[in-house]
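Here is how the chains run, residue by residue.
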Amino acid sequence: MRMFSRIEVKKELTLEETKTDKKAYSLKWLKVLLNSKTGTLGLIIVVFMVLMAILANVIAPHDPAQTDVVNRLVPPVWAEGGNPDYILGTDNLGRDILSRIIVGSRVSLLVGISAVFLAGAIGLVLGLISGYYGGFFDRVIMRTVDAFLAIPNILFMLIVLAVIGPSLMTLIFVLGATTWVMYARMVRGETLSIKERDYVRSARAVGAKDIRIISRYILPNIISSFIVIATLNVATTIILESSLSFLGLGIQPPDVSWGLMLSDGREYLATSWWVATFPGVAITITVLGIIFLGDWLRDVLDPKTKTN
Amino acid sequence: MKFLIKNILRIIPVLFIISLIVFLLVRVTGDPVSLMLPETATDAERAQLRESLGLNDPLYIQYFTYLGDLITGDFGESFRYNQPALGLVLERLPASFGLAFASMLVATLISIPLGILSAIKRNSFIDLFITGGAVLGKAMPNFWLGIMLILLFSVQLNIFPVSGTGSLMHFVLPAITLGTAIAAEMTRLIRSSMLEILGQEYIRTARSKGLLEAVVVNKHGFRNALIPVVTIMALQTATLIGGTLITETVFSWPGMGQLLIQAVNLRDMAVVQAATFIIALLVIISNLLADLAYRYLDPRIKYD
């Protein structure tokens, strides 16, 4: 009898402990958010960019495609010869740069996020198969990963774009189909280590099916690393999109993209610095925001991979 | 030696898969005849080419023919230059190597001192400044940095030429552009490698012996931190080559990257394929060299 009550006390204690653990965890979460200046800044930038993309048509002061022959290459409002109608100036066709940047945020975010979803889905499935089942599939998938790693991403994209020809859908497909490798490697590595843990072994011993083990025991353990990588990958994808559009292989006119604006601006460097400057600033700020947010997410969700 | 042979043998399946991917992309997703002929070609020319290419054969036979051509270095002729594609690519290789080498030099000169400095002064203002700079370097699209450098140093200050090659001055802006991108990644890695080494016990021992801090950092710290750094540098080859593609276009640098981008725009598939294989081979070889250097620098490492 005495022994029994002892066990009861102990059980209560552990319950109490888990409660405070949970509370401490959410407190820590809040603390990290408030403590991290870069994380807060990143969140603000990303929210701002998303709102800008959603409300683009409402907040853009001009039609981004509207040309104004009289006001070609007008400098920004604070420079000599600036026109208060065009805050960041106009390009070679007299189109408002501010409006084009606002509307261009749509393409950047759309392509960045869709491509990451595609790459993440491919990488997750292949990584799980490779890590969980091993054997022949594992070898084929890992050699394919090696092959993808041996070719710079941009090169793969160039081959596909040369064959299919550039368009928005091609761009998303190409970016997704070439950046899945990093997800596959991460998911495979994590799966390999998790599937040997005792709780997975006991689940298997009890007779749980593969699909249940994967969805109940493996996926929940991978998901936070996955979210962190995916977030940071949106940043890389946005840069790649702008690079391809800059090379004339991405978004095609009359659609607006920051990379495309940069390639226009390059032609007028000698006379009009603003045309090539502001779209680049927009890309840099957006990417910085996403990197900050991603690093902060890593600190919160995935403390073990935290870098120094 | 056994290690070397084993790794060279491992290259083969990778090249095999690359050839399969390129084959599938080029032959299956697009019509190779319309890709290989200029748009002005007549129907008779198309039918003739289709027959002579063996496109009426089953797919696997086409693939083996294709593989045979690759092994003998036959990538077909560029329809733009009317020359064998491989020769065209190899001709442009020295210019790209020059740019890649200069960029790596810039990246090393920037990242080694800054990486060490920010590790020694961890969490100081200098550290914050350096790591912040590295993040900014990663966030900026590299071609935009190139454009901004042209704007500042060529257009405004008129110090360096806008584009082209010829003199040492031509190297400066492209090398800084590409070098910055690589330095951003390397600085971060050197910093964390250095921090790990400086936390080791033998560093504490060296310090407690009363050695000068400079000796501790240099001899005991940096030399050991160098081991992962060499590998990192070699693994940057893919980034480096990917970067030359765009940097060459920004600065009209007459290298392989510019040739490739032009070929993609013109759909000159023979050149695209030749360049792809050369680049893949370069990346694979440099990764192999990295493994070898790693073994040489740290004899403790044993591969099974």
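Quick caveat: nothing in here was measured; it's all calculated off a predicted structure. (Residues numbered from 1 in each chain as written. Chains lettered and ligands numbered in written order. Predicted model: local features only at pLDDT ≥ 70, side-chain atom pairs only at ≥ 80, totals over all residues.)

### Quick notes on the overall build of chain A
Note the following rule: Every helix listed is a DSSP run of H or I at least four residues long, and every strand listed is a run of E at least two residues long, numbered separately from the N terminus. Residue burial here comes from a neighbour count, namely the number of other C-beta atoms, placed from the backbone, that lie within 10 Å of the residue's own C-beta, with 20 or more meaning buried, 12 or fewer meaning exposed, and in between meaning partly exposed.
A count of helical and extended segments in chain A gives twelve helices and zero strands. Going from the N terminus to the C terminus, chain A shows its helices and strands as α-α-α-α-α-α-α-α-α-α-α-α. Buried positions account for 44% of the 308 residues belonging to chain A.

### Structural notes on the overall build of chain B
Selection criterion: Contact between residues is assigned whenever the C-beta positions, reconstructed from backbone atoms, fall within 7 Å.
Looking only at helices and strands, one finds 13 helices and two strands in chain B. Summarising its shape, the C-alpha atoms of chain B cover approximately 85 × 60 × 30 Å along the three principal directions. Of the contacts formed within chain B by residues at least 6 apart in sequence, a portion of 71% connects residues at least 24 apart.

### A look at the interface of chain A and chain B
Stated formally: Charged residues are taken to be Asp, Glu, Lys and Arg, nonpolar residues to be Ala, Val, Leu, Ile, Met, Phe, Trp, Tyr, Cys and Pro, and polar residues to be all remaining types, Gly included.
Contacts between the two partners involve 38 residues from chain A and, on the opposite side, 43 residues from chain B. Elements with a contribution of two residues or more to the side of chain A that touches chain B: helix H5 (135-150), helix H6 (153-164), helix H10 (210-246), helix H11 (258-266) and helix H12 (273-301) of chain A. With ten residues, H6 of chain A is the single largest residue contributor to the side of chain A that touches chain B. Across the side of chain A that touches chain B, the residue classes break down as 26 nonpolar, nine polar and three charged.

### Details of the environment of His-220 of chain B
Residues and elements named next belong to chain B. Tracing the sequence through the fold places His-220 in helix H10 (residues 213-235). With 19 C-beta atoms packed within 10 Å, His-220 lands in the partly exposed category. C-alpha separation for the pair His-220 and Met-104, spaced 116 residues apart in sequence, amounts to 25 Å. What His-220 contacts, discounting residues up to four positions off in sequence, is Tyr-202, Ile-203 and Ala-206.

### What about unusual backbone geometry?
At the junction of Pro-253 of chain A and Pro-254 of chain A, the peptide bond is cis and its omega measures out at 10° in the coordinates. Secondary-structure assignment places Pro-254 of chain A in the loop between H10 and H11. Positive phi, close to 65°, is recorded for Asn-123 of chain B, a residue that is not glycine. Tracing the sequence through the fold places Asn-123 of chain B in the loop between helix H5 (85-120) and helix H6 (125-139). One non-glycine residue, Ser-252 of chain B, lies in the positive phi region at around 45°.

### What about the domain arrangement of chain B?
Residues and elements named next belong to chain B. Applied cut-off: The domain limits used here are those given by an automatic or database domain assignment.
Partitioning chain B into domains gives domain 1 (14-71) and domain 2 (93-297). Once you take the C-alpha centre of each, domain 1 and domain 2 turn out to be 38 Å apart. Across the contact, six residues belong to domain 1 and six residues belong to domain 2. Of all the secondary structure elements, the ones that give two or more residues to the side of domain 1 that touches domain 2 are helix H1 (2-28) and helix H2 (32-36). In terms of residue count, H1 provides more of the side of domain 1 that touches domain 2 than any other element does, four residues in total.

### Considerations on the packing of helix H4 (residues 97-133) of chain A against H10 of chain A
In helix packing, the relevant descriptors are the interaxial angle and the interaxial distance, both defined with respect to the helix axes. Residue and element names in this part refer to chain A. Selection rule: Note on definitions: angles span 0 to 180 degrees between N-to-C directions of axes, and those axes are lines fitted to C-alpha atoms, for helices only across the stretch in contact. It is the rotation of the near helix from the far one that decides the hand of a crossing: anticlockwise by less than a right angle makes it left-handed, clockwise makes it right-handed.
One way to put it is that H4 packs onto H10 with a least axis distance of 8 Å and a crossing angle of 140°. Judged by the sense of rotation from one axis to the other, the crossing of H4 with H10 is right-handed. Of the residues in H10, those touching H4 at Ser-108, Val-111, Gly-112, Ile-113, Ala-115, Val-116, Ala-119, Gly-120, Leu-128 and Tyr-132 are Ile-214, Phe-226, Ala-230, Asn-233, Val-234, Thr-237, Ile-238 and Glu-241. Within the contact of H4 with H10, the residues separate by chemical class into twelve nonpolar, five polar and one charged.

### Quick look at the environment of Tyr-199 of chain A
Residues and elements named next belong to chain A. By secondary structure assignment, the location of Tyr-199 is in helix H9 (residues 198-206). Taking the C-beta count within 10 Å as the criterion, Tyr-199 has 12 such neighbours and is therefore assigned exposed. Put simply, Tyr-199 and Ser-263 are 64 residues apart on the chain and 55 Å apart in space, counted from C-alpha to C-alpha.

### Observations concerning the confidence of the model for chain B
Residues and elements named next belong to chain B. As a reminder, the rule being used: Confidence of the predictor at the level of single residues is captured by pLDDT, which takes values from 0 to 100.
Confidence in the prediction for chain B averages 80 pLDDT; 91% of positions are at 70 or higher. The spread of mean pLDDT over the elements of chain B runs between H2, the lowest at 64, and H6, the highest at 89. Predicted as a complex, the structure gets a pTM of 0.83 and an ipTM equal to 0.80.

### With respect to H6 of chain A
Residues and elements named next belong to chain A. Quick reminder of the rule: Expected helix span is given by 1.5 Å per residue-to-residue step, counting one fewer step than there are residues.
The end-to-end C-alpha distance of H6, which contains twelve residues, comes to 17 Å, matching closely the 16 Å that a straight helix rising 1.5 Å per residue would cover. The buried fraction of H6 is high, at eleven of twelve residues. Considered for burial, the residues of H6 that qualify are Asn-153, Ile-154, Leu-155, Phe-156, Met-157, Leu-158, Ile-159, Val-160, Leu-161, Ala-162 and Val-163. Looking one or two places after H6, you find Gly-165, whose phi comes out positive at around 90°.

### Some words on the confidence of the model for chain A
Residues and elements named next belong to chain A. Chain-level statistics for chain A give a pLDDT mean of 82 and a share of 87% at 70 or above. Within chain A, no element has a lower average pLDDT than helix H1 (residues 2-35), which sits at 56, and none a higher one than H4, at 91. With pLDDT under 50 throughout, residues 1-13 is counted as low confidence; its partners more than four residues away or in other chains account for zero contacts.

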